[in-house]
Amino acid sequence: MAPVKLIFASDFAPIRHFAPLMKDSPAAVYGDLLDRLKKADYAIVNLESPLACPSGKFIAKSGAAFSGEVEHISSLAAGNFKAAVMANNHTFDCGYDGFDISRKLLISNGISVVGAGDDLSEARKPLAIEVNGVKIALFAISEGEDMLGATEKSPGVRPWEVDFLAQQIRDARKDFDVILISAHCGLEYQPYPSYYVYEAFEKFSSAGADMIIGHHPHVPQGMTFFGKTPAYFSLGNFVFYQPLPLFHRKTGYFLEFEVDRSGLISHKEVPYRIGDDALHLLAGAEKSEFEHLFAKLSAPLKTGEGALQAWHAVLAYNGIAGFENELKKILDTMHNDPVKGAAMLRNRVSCMQHNTQWIDGMSRIMTGEISSAPAELISMVEEFMTRVIEK
């Protein structure tokens with residue numbers, strides 16, 4: 001029996017500059033990635049936007065909110081995607097109605113959904129996939145930013161409950177040949193994962209996951225192996241246009257991998273650049289540069305101590321001044337727009353990516369260690385925050 005060819009792509013949002021392009025020519029945004037996408041037996045994408053905003057209003061939240069349009073479903077279908085992950089921080093940007101319309105639209109167009117629901121029980125359910133006799137379980141988890149995690153009595157995304165998911169993975173081993181984990185998590189725009197993400201991925205691996213795939217930071221991060229399990233910490237942006245000319249926010253990779261009834265057979269990164277017109281596969285010198293960068297990003301993640309040092313480098317680059325500026329920004333916003341300011345402050349307290357950044361950062365300030373991290377790792381953080389695309 002031939003192996004099943006799978007693809008996992010990260011953040012897809014028909015917004016900003018890409019929105020009209022995707023309405024006019026649904027397949028064009030994929031550029032020369034399209035042929036690769038069409039060769040997959042089953043392709044999965046993280047849908048980081050509702051496809052409708054019936055009220056015309058966004059919810060009050062700490063960060064940006066946006067929505068695509070119903071017509072953009074054609075672009076998802078044109079990319080050969082069979083499943084959409086909805087466990088992320090934008091699924092409910094237009095409230096429950098925006099989520100429900102999007103969910104129904106996806107399903108009616110033959111695209112399965114996972115990671116969000118009308119209550120916690122539904123949001124926790126894995127997506128059961130069977131291709132060529134291979135049974136695959138896809139679990140999707142998110143940090144549930146802005147208090148949008150599902151509860152027993154309210155809709156939302158599948159929240160950050162690491163131990164519960166680990167037990168689900170153990171229970172699923174008897175029914176599935178392959179177990180995939182999609183995790184929307186981590187501090188945005190950083191080259192290295194937050195340490196709590198590293199620890200969570202290690203738990204998922206120990207529980208029996210075959211592959212763990214992270215997204216949310218909007219820049220590419222590296223990978224490591226926990227035993228035989230590959231763990232990718234961030235694929236970067238996919239069909240997600242950001243107007244800033246920062247180099248690493250215009251770079252991403254999707255995963256091509258093969259499985260059979262024995263489990264994961266192979267996996268590889270397929271890197272691309274996000275242009276103003278479309279996505280473009282990297283080749284030649286650009287691909288070699290990415291491979292060199294990816295190796296450097298992955299190197300400290302080979303051990304827990306190295307991953308912790310990389311996290312300390314993120315905190316060191318931010319430094320005392322960075323925390324001061326963040327506090328000032330929140331207080332100024334609260335003065336000028338109390339609702340927005342309150343959402344920002346609440347999120348810093350309740351969301352794991354911010355909560356751990358502040359607790360770990362404050363602790364290292366108190367012990368005098370905030371600037372203590374390997375210089376080459378701090379330099380990498382600086383590059384990700386400052387390098388622009390050369391014209």
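Examining the overall build of the protein
- Looking only at helices and strands, the protein has 12 helices and 15 strands in total.
- Computed over C-alpha atoms, the radius of gyration of the protein comes to 20 Å, within 12% of the 21 Å expected from 2.2 N^0.38 for 391 residues, which places it in the range of a compact globule.
- C-alpha extents for the protein along the principal axes are approximately 60 × 50 × 45 Å.
- Across the 391 residues in the protein, those meeting the buried criterion constitute 57%.
- The long-range share in the protein, meaning contacts at least 24 apart out of those at least 6 apart in sequence, stands at 73%.
- Looking at the protein, you have 37 positive and 48 negative side-chain charges, and the mean spots of the two groups are 2 Å apart.

Structural notes on the layout of surface pockets
- Each pocket or cavity is described by its volume, and for the largest pocket that value is around 920 Å³.
- Along the walls of the largest pocket sit 35 residues, with Glu188, Tyr189, Lys329, Arg348 and His354 positioned nearest its centre.
- Sorting the residues of the lining of the largest pocket by element identifies helix 9 (304-336), helix 10 (338-350) and helix 11 (352-366) as the ones contributing at least two each.
- With 8 residues, the top contributor of residues to the lining of the largest pocket is helix 9.
- Residue composition of the lining of the largest pocket, grouped by class: 11 nonpolar, 15 polar and 9 charged.

Thoughts on the nonpolar core
- The biggest cluster of nonpolar side chains holds 49 residues, and the ones touching the most others in it are Ile181, Phe201 and Phe204.
- Elements supplying a minimum of two residues to this core: strand 7 (134-142), helix 6 (162-172), strand 9 (178-184), helix 7 (195-207), helix 8 (284-298), helix 9 and helix 12 (375-386).
- With near-sequence residues (within four places) excluded, Phe201 lies in contact with Ala183, Cys185, Ile212, Gly214, Phe226, Ala231, Tyr232 and Phe233.
- Among the nonpolar cores identified, the runner-up in size contains 36 residues, and Leu33, Met86, Phe99 and Leu105 belong to it.

A closer look at the packing of aromatic side chains
- Counted by the stated rule, this structure contains 21 aromatic pairs.
- For the ring pair Tyr198 and Phe226, a centre distance of 5.1 Å and an interplane angle of 70° mean the geometry is edge-to-face. In this pair, Tyr198 sits in helix 7 while Phe226 sits in strand 11 (residues 223-226), placing the two residues 28 residues apart along the sequence. Both residues of the pair, Tyr198 and Phe226, belong to the buried class.

As for the state of the cysteines
- For the coordinates displayed, the defined rule picks out 1 disulfide.
- Across a sulfur-sulfur distance of 2.2 Å, Cys53 and Cys94 are joined as a disulfide pair. With the S-S dihedral at roughly -105°, the linkage between Cys53 and Cys94 falls on the left-handed side. With Cys53 in the loop between strand 2 (42-47) and helix 3 (73-78) and Cys94 in the loop between strand 3 (81-85) and helix 4 (95-108), the pair connects residues that are 41 residues apart, well separated along the chain.
- Note on Cys185: no disulfide assigned, nearest cysteine sulfur contributed by Cys351 at a separation of 10.0 Å.

Regarding helix 4
- Taking 1.5 Å of rise per residue, 14 residues should cover 20 Å, and helix 4 covers 20 Å from first to last C-alpha, within 8% of that figure.
- Those residues of helix 4 not exposed but buried are Gly95, Gly98, Phe99, Asp100, Ser102, Arg103, Leu105 and Leu106.
- Packing partners of the buried residues in helix 4 comprise strand 2, helix 3, strand 3, strand 4 (112-114), strand 5 (116-117) and helix 5 (120-124).
- Just past helix 4, the residue Gly110 takes up positive phi, approximately 80°.

Re the pairing of strand 2
- Taking burial as the measure, the 6 residues of strand 2 include 6 buried ones, the bulk of the element.
- Alternating positions in strand 2 separate into two faces, Tyr42, Ile44 and Asn46 on one and Ala43, Val45 and Leu47 on the other, with burial throughout.
- Note: strand 1 (residues 4-12) against strand 2, 6 bridges, orientation parallel. Note on strand 2: the bridge partner recorded for Leu6 is Tyr42.
- Pairing analysis gives 4 bridges linking strand 2 to strand 3, with the strands arranged parallel. Bridging across to strand 3, Ile44 finds its partner in Ala83.

So, the pattern of salt bridges
- Evaluation of the coordinates by the stated rule reveals 18 salt bridges.
- As a salt-bridge pair, Asp118 and Arg103 come within 3.1 Å of each other at their nearest N and O atoms. Here Asp118 is found in the loop between strand 5 and helix 5, whereas its partner Arg103 is found in helix 4, with 15 residues between them in sequence.
- Overall, Asp118 belongs to the partly exposed group, its relative accessible area being 32%.
- Between Arg124 and Glu161 there is a salt bridge, and its shortest N-O distance comes to 2.8 Å. Separated by 37 residues along the polypeptide, Arg124 in helix 5 and Glu161 in the loop between strand 8 (156-157) and helix 6 bring together distant segments of the chain. You'll find Arg124 and Glu161 in the same group, each marked buried.

Parameters at a glance
Residues numbered from 1 in each chain as written. Predicted model: local features only at pLDDT ≥ 70, side-chain atom pairs only at ≥ 80, totals over all residues. Heavy atoms only, no water. Helix = DSSP H or I, 4+ residues; strand = E, 2+ residues; numbered from the N terminus. Rg over C-alpha atoms; globule rule 2.2 N^0.38 Å. Buried < 20%, exposed > 50% of the residue type's maximum accessible area, 1.4 Å probe, protein only. Contact = heavy atoms within 4.5 Å. Lys, Arg positive; Asp, Glu negative; His and termini not counted. Charge placed at Lys NZ, Arg CZ, Asp CG, Glu CD. 1 Å grid on protein atoms, 1.4 Å probe; cavity = no way out; pocket = protein on both sides within 12 Å on 5 of 7 lines; lining within 4 Å. Points joined across faces, edges and corners; volume = space filled by probe spheres on them. Nonpolar A, V, L, I, M, F, W, Y, C, P; charged D, E, K, R; others polar. Core = buried A, V, L, I, M, F, W, Y, C linked by side-chain atoms within 4.5 Å. Phe/Tyr/Trp six-rings, centres within 6.5 Å; stacked < 30°, edge-to-face > 60°. Disulfide = S-S within 2.5 Å. Expected span 1.5 Å × (residues − 1). Pairing = 2+ DSSP bridges. Salt bridge = Lys/Arg side-chain N within 4 Å of Asp/Glu carboxyl O.

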